[in-house]
Amino acid sequence: MPGSSETPSRAERWLAGVARAGRTVLQHSGEIAILLRDIVAALVGLRVSLRSILRQMYVMGVQSLPIVILTAVLAGIVTSQQGGYQFTGAIPLYVLGSIVAESVVLEMGPVLTAIVLVGRVGARITAELGTMKVSEQIDAFYSVGRDPVSILAAPRVVAGIIVVPILVAVANLVGILAGMVSAQLTVGLGPNSFLYGARLYWQSWDLFYSLTKALVFGFTIPVVAIHMGLRTEGGAEGVGKTTTQAVMFMTLAVLIMDALFPPLLLD
Amino acid sequence: MQTRPVIRYRAVHKAFDLPVLEGIDLDIFPGEMFGLFGASGAGKSVLLKTTIGLIVPDRGDVEVDGRSVFFGDRRDVRKIRDKVGYVFQHAALFDSLNVFENVETGLPLRRLRAMDGRRVARLVWEALERVLLDPREVMTKLPAELSGGMKKRVGIARAIVGGPDILLWDEPTTGLDPVNTAGVQRQIRRLSRELDVTSVIVTHDIEGGLEMCNRVAMLEGGRLRFLGSPTAFRASGDPIVRAFVDRTAAEAAVDLVATT
Ligand SMILES: Nc1ncnc2c1ncn2[C@@H]1O[C@H](COP(=O)(O)OP(=O)(O)O)[C@@H](O)[C@H]1O
Ligand SMILES: [Mg+2]
């Protein structure tokens, strides 16, 4: 039949789509690998200024503190309430302390902090570097023999690795305290019983697990954000587009890695 | 004796989604003022960027001062970038640095490290004066506080502060009003002479380009549609060249009305 060989069948279109998606994934992976290699080279070659690392730590850490604390407070309260209402007489109420501490430290603290930082820190990095890319400032760095990876990328990644675990530690503490106050107000569980319960099932491993997650997120968020920023094309519109995409990628990355953590670390 | 070209583009090919450059062969000789014309999107900036390796061609190579940009080692690229000043279309000043710091980045890192602060300050000062800016007034300003014309001048100062042998100008007058356009044109001519550099100027402004350059080319359809003297360009009977000249003249008239 004439023409039928011209129009691709549904299966062919599907395969072409898969091939395209595969190519895109490979391209992103390749670019990220090169970015990481250059960041490591910059660090090893001592081409990263301490001052810009400190500056980024301030921007990412100190300036994010209020929103991170607010999120942790809400997370602690919600966990405490949810847990509290499910208690029947059979289980001693102090177990609530353990539920709150474990949920906050293992999940809520690291994940909610990371999600908040995706918006607060990651989007900002992508928009900032994307703007520099489309206004040719990245090219300008190369043209004057400076390396934008050492100047822009490396300090942000180092700062993320240092700052995010600290923020998560703060979030953990604040979340547990908020949960404790909330337990007293909602189900009348006193602080002493709450802490007794929290300690009962506590393992030092839990904190390690929590901060390892934080470290991984603190690395991933700036890396994805920088990668997306540096591949921005097409003016202000392009910046908007890559920033939105970057937020989606970072959020997915955080959630997927969070799901991968238990099988990798809890065995 | 034939002089050796300072820049050689050899069979430069580049495609993004569509082919942009399809085999550019071009030699630029010492001391030239070379004008590159072409419609918007023709690939002028892409070609200019290959000169210092900001864009990597799919095929072909560029040689600067006998050094290969794409097949030499990294040190060659660094030396080339030290010797070439690049003036970006919208100046591309670093947003977070003030004017002094912006111009300072134009000094090659190795030289900068070996210099004391006073010498650096003097070089920056001189570069700003060369582009007719008052160093006292602008030095501590951030790019956001400057007008378009001033940004362009700071961008030029950054390109010349290191004492380049070659200057690459990407649309130095686009977006400027007629007064600023004339000013920047005078500067290009004066700086090229004073600094004894070779200049490649990408421009929309055909009249200005023909007036200042000793040789011009027109990029069209991924190739050099025209290459020769300004006189030959004016006399060219090539319908595509003619159409381009007429269209750009009409656009320039519209721009003039819009900016005045
Ligand atoms: N980094 C890039 N990624 C994708 N396409 C690009 C890139 N740089 C340039 N192009 C495309 O190449 C073509 C030529 O661009 P350019 O050299 O900027 O034109 P002009 O002659 O106006 O300076 C345009 O179609 C542009 O969209
Ligand atoms: Mg251009």
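Before reading further, recall that the structure is shown in the block above.
Rules of the game
- Residues numbered from 1 in each chain as written.
- Chains lettered and ligands numbered in written order.
- Predicted model: local features only at pLDDT ≥ 70, side-chain atom pairs only at ≥ 80, totals over all residues.
- Heavy atoms only, no water.
- Helix = DSSP H or I, 4+ residues; strand = E, 2+ residues; numbered from the N terminus.
- Contact = heavy atoms within 4.5 Å.
- Buried < 20%, exposed > 50% of the residue type's maximum accessible area, 1.4 Å probe, protein only.
- Pairing = 2+ DSSP bridges.
- Near = heavy atom within 4 Å.
- Polar contact = N/O pair within 3.5 Å; in protein donor to acceptor, adjacent residues only side chain to side chain.
- Areas by Shrake-Rupley, 256 points an atom, 1.4 Å probe, with all protein chains shown as cover.
- Phe/Tyr/Trp six-rings, centres within 6.5 Å; stacked < 30°, edge-to-face > 60°.
- Lys NZ or Arg CZ within 6 Å of the ring centre and 35° of its normal.
- Buried area = accessible area lost by both parts, 1.4 Å probe.
- Salt bridge = Lys/Arg side-chain N within 4 Å of Asp/Glu carboxyl O.
- Nonpolar A, V, L, I, M, F, W, Y, C, P; charged D, E, K, R; others polar.

Residues and elements named next belong to chain B. Mapped onto the fold, Ile80 is located in helix 2 (residues 74–83). The sequence separation of Ile80 and Gly35 amounts to 45 residues, and the corresponding C-alpha distance is 21 Å. In this structure, Ile80 is in contact with Thr51, Ile52, Val64, Arg67, Ser68 and Val69, ignoring residues within four places of it in sequence.

Once that is clear, we can look at the pairing of strand 9 (residues 215–220) of chain B. Residues and elements named next belong to chain B. With five of its six residues buried, strand 9 lies for the most part within the structure. Relative to strand 10 (residues 223–228), strand 9 runs antiparallel, the two being bridged by five bridges. Bridge pairing in strand 10 links Glu220 to Arg223. Linking strand 9 to strand 10, which pair antiparallel, is a turn of two residues; within it Gly221 sits at a positive phi near 60 degrees.

Here we take up the site of ligand 1. In the vicinity of ligand 1, the contacting residues are Glu233(A), Phe16(B), Val20(B), Ala39(B), Ser40(B), Gly41(B), Ala42(B), Gly43(B), Lys44(B), Ser45(B) and Val46(B). One finds residues of chains A and B in close proximity to ligand 1. Within the backbone of Gly43(B), an N or O atom sits 2.9 Å from an oxygen atom of ligand 1. Interatomic distance of 2.8 Å between a backbone N/O atom of Lys44(B) and an oxygen atom of ligand 1. Considering ligand 1 on its own, with 560 Å² of exposed area, one finds that the protein chains cover 62% of that surface. By residue number, the principal contributor to the shell around ligand 1 is helix 1 (residues 44–50) of chain B, which donates three residues.

Next up on the list: the packing of aromatic side chains. Considering all chains together, one arrives at seven aromatic pairs over all chains under this definition. Summarising the aromatic geometry, the rings of Phe141(A) and Phe94(B) are spaced 4.1 Å apart at their centres and angled 25 degrees between planes, so their arrangement reads as stacked. One end of the pair, Phe141(A), is in helix 5 (residues 137–143); the other, Phe94(B), is in the loop between strand 6 (84–87) and helix 3 (99–104), on a second chain. For the pair Phe141(A) and Phe94(B), a shared accessibility class is recorded, and that class is buried. Three or more aromatic residues link up through ring pairs in this structure, and these residues are Phe37(B), Phe226(B) and Phe233(B). Sitting over the ring of Phe94(B), Arg158(B) keeps its end group 4.8 Å from the ring centre.

Our focus in this paragraph is the interface of chain B and chain A. Where the parts come together, the accessible area they lose is often given as the size of the interface. Of the residues lining the interface, 21 residues belong to chain B; the matching set on chain A comes to 10 residues. Regarding the contact of chain B and chain A, the summed buried area is about 1,300 Å², with carbon and sulfur atoms giving 55% of it. Here chain B is connected to chain A by two salt bridges. Mapped onto the side of chain B that touches chain A, the elements with two or more residues apiece are strand 6 and helix 4 (109–114) of chain B. In terms of residue class, the side of chain B that touches chain A is made up of 12 nonpolar, four polar and five charged.

We now examine the pattern of salt bridges. Here the idea is simple: oppositely charged side chains can pair when their charged atoms come close. The tally for this structure, following the rule as stated, stands at 22 salt bridges over all chains. With its nearest N and O atoms 3.1 Å apart, the salt bridge here joins Lys49(B) to Asp139(A). Here Lys49(B) is found in helix 1, whereas its partner Asp139(A) is found in helix 5 on a different chain. Take Lys49(B): its relative accessible area is 10%, and that puts it in the buried class. Among the charged side chains, a network of salt bridges with common partners joins Glu107(A), Lys213(A) and Asp258(A).

Position of Thr126(A) relative to the elements: it lies in helix 4 (residues 95–134). In contact with Thr126(A), not counting residues within four places along its chain, are Ala225(A), Met228(A), Gly229(A), Thr242(A), Thr243(A) and Ala246(A).

Residue and element names in this part refer to chain B. Among the five residues that make up strand 7 (residues 166–170), five are buried, leaving the element largely enclosed by the rest of the structure. Here strand 7 shows two buried faces, one formed by Ile166, Leu168 and Asp170 and the other by Leu167 and Trp169. Alignment of strand 6 against strand 7, held across four bridges, turns out to be parallel. The residue of strand 7 that forms the bridge with Val87 is Trp169.

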